[in-house]
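Observations on the three-dimensional arrangement
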Amino acid sequence: MANLSKINVLMCGTEYRVNIRPDGQALVLPNPIRRRVLNSLSMDNELIRPVQIGVVGLTLFDLRRLGKVDKLGMAGVNGGKFPAIREHLDKNIGGVYKDMDLTYVFDDKEAIDSMSKGDAVIIFTPDPTHYAITMYAIERGIHVLVTKPAVQLLSHHNELIAAAKKYGVVCMVEHHKRFDPAYSDARAKAESLGEFNFFSAWMSQPKSQLETFRAWAGKDSDIRQAKTKTHYYYLSSHHIDICCWMLQDKAIPTRVVASAATGIATSEPYNCVPQTEDTITLLVDWESTTSSKHKGTGVYTASWTAPLKAGVHSAQHWYYMGEKGDITVDQAHRGYDVTVDDTGKTWYNPFYMKYSPSESGHFDGQRGYGYVSIEKFIDAARSVNAGHTKVEDYDKHGLPTIANTVLTTAILHAGRISLDEKRPVGIKKNGEEWILE
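This is a predicted model, so every value here is computed, not measured.

Quick word on the overall build of the protein
Counting secondary structure elements, the protein contains 10 helices and 15 strands. A separation of at least 24 residues holds for 75% of the contacts in the protein among residues at least 6 apart in sequence. If you sum the accessible surface of the protein, you get close to 18,700 Å²; carbon and sulfur atoms cover 50% of it.

Some points on the environment of Ala381
Relative to the assigned elements, Ala381 resides in helix 9 (residues 369-386). Leave out the neighbours within four places in its chain, and Ala381 touches Ile7, His143 and Val170.

Focus: the sheet that holds strand 7 (residues 251-261)
Taken together, 8 strands build an open sheet; the order of strands is 11-10-6-9-8-7-14-15 and the sheet is mixed. Each edge of the open sheet carries a strand with a single partner, namely strand 11 (326-330) and strand 15 (433-436). Each strand axis lies, on average, 15 degrees off the axis of its neighbour in the sheet, ignoring direction. Examined bridge by bridge, strand 10 (residues 315-322) and strand 11 share 5 bridges and lie antiparallel to one another. Counterpart to Met321 in the pairing with strand 11 is Asp326. Across the sheet, helix 6 (residues 181-190) lies against strand 10 and strand 11, angled at about 175 degrees from strand 11, the strand it touches most.

Observations concerning the environment of Lys250
Looking at the element boundaries, Lys250 is found in the loop between helix 8 (227-246) and strand 7. For Lys250, a relative accessible area of 16% translates into the label buried. Separated by 59 residues in sequence, Lys250 and Glu191 have C-alpha atoms that sit 9.4 Å apart. Beyond its immediate stretch of four places on either side in the chain, Lys250 contacts Ala190, Glu191, Gly194, Glu287, Ser288, Thr289, Thr290 and Tyr320.

Brief notes about the packing of aromatic side chains
One pass over the full model with this rule turns up 10 aromatic pairs. A ring pair is formed by Phe199 and Trp318, whose centres lie 5.3 Å apart and whose planes are at 20 degrees; its orientation type is stacked. One end of the pair, Phe199, is in strand 6 (residues 196-206); the other, Trp318, is in strand 10, and 119 residues separate them in sequence. Residue classification places Phe199 among the buried residues on the basis of a relative accessible area of 0%. Cluster of aromatic residues (ring-pair linked, three or more members): Tyr183, Phe199, Tyr300 and Trp318.

Section: the sheet that holds strand 4 (residues 143-147)
One open sheet holds the 5 strands; their spatial order is 2-1-3-4-5, and the pairing between them is parallel. In the strand order of this sheet, the two ends are held by strand 2 (69-75) and strand 5 (171-174), each with one partner. With strand direction ignored, the average angle separating the axes of adjacent strands in the sheet is 20 degrees. The sheet contacts of helix 4 (residues 130-138) involve strand 1 (7-12), strand 3 (120-123), strand 4 and strand 5, and relative to strand 4 the element is tilted by about 170 degrees. Its contacts with the sheet put helix 9 on strand 1, strand 2, strand 3, strand 4 and strand 5, and the angle it makes with strand 4 is roughly 160 degrees.

Here we look at helix 2 (residues 56-65)
Judged by how many residues are buried, helix 2 sits mostly within the fold: 9 of 10 residues are covered. Listed in full, the buried residues belonging to helix 2 are Val56, Gly57, Leu58, Thr59, Leu60, Phe61, Asp62, Leu63 and Arg64. Phi for Gly67, located one or two positions after helix 2, is positive at around 90 degrees.

Thresholds, definitions, all that
- Residues numbered from 1 in each chain as written.
- Predicted model: local features only at pLDDT ≥ 70, side-chain atom pairs only at ≥ 80, totals over all residues.
- Heavy atoms only, no water.
- Helix = DSSP H or I, 4+ residues; strand = E, 2+ residues; numbered from the N terminus.
- Contact = heavy atoms within 4.5 Å.
- Areas by Shrake-Rupley, 256 points an atom, 1.4 Å probe, with all protein chains shown as cover.
- Pairing = 2+ DSSP bridges.
- Axes fitted to C-alpha atoms, helices over the stretch in contact; angles between N-to-C directions.
- Buried < 20%, exposed > 50% of the residue type's maximum accessible area, 1.4 Å probe, protein only.
- Phe/Tyr/Trp six-rings, centres within 6.5 Å; stacked < 30°, edge-to-face > 60°.

Below, the structure written as structure tokens:
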């Protein structure tokens, strides 16, 4: 890959990393997209997740150090937080790791419009904006990595598949759990367990998140009615995608039934709007693609009302049973915990991102699966630009391309309909497209 041209990348979404131009002005999205985003967000920008060292910006700064990335830009809905973020990056990246070039060179007000065909954009904006921004970039020949969930409607996902093929760009979904060494190894081992029978997954975040959740809705925002949908899609997408990935070419989902628990988020002290769900469970029927005798069941639960002080920010575990054996993965407890007098015990996951520098003082997290997820996209985009590979090649590799993640969206969308309309929802293939019924 060393002989490939470097690629320019725009990071779109201030919740992970925001940029200002050298003259101090904010980068903003193209006007049509900007209007859609702002119509969906509370104008005080309190919905934006707290600034942290993060993964996206840090990974791309390091990929530039390693010669894969050239110019970097960042875009957000406004520039109010840019000075603080610039100071934050200088202190927590430039002040910690050697040889990190933190310069930003996209200085066109219309950030995506200033990019060239073959450049790349990484989208970490609120879920309802993913489709519009992704399609806008694809139609301009720009490679896209969009955070999960890719979109909320199956029809939108199908449209993005067609657009990526038409314009010849790499479009991937940032399902980083596919690159967790335990998950990827478990997928390989599942191949020897015969026909699929049962899968269950649990993912939760502490109820303290409801404070952010409530602010995120906004008093007058259009997203007020959709906010429960957004958190449902975000949390549920992780392990639904893992199950779809493990069953790729082995089984297909046919029916989804959803159920929700309520009452915590809408009560004191959180007082979220009445539509807010606490815990959502999807029951999914699967059918083998190779055996008419075998059917399986998937149970996927997501909750944002888990107990406080549990020692993990996100409790995650799943169980897979095949015809000849089973697999259990506890993502939250990776055999590494720290106990402190004031705060008690905390379990850490060093496999996602390693922030401690190397012995030479450089960033040393290249093996983390959060880093690998972004690097795989960058490598694919550079290879396609050079003509070494074709976009469709990556659909064959088990990577989270827009084509390979369509069933994840199908299940999520079906689950949302099931919750809203209180009925089972079918999934089937109609020609080359997946549809709901």
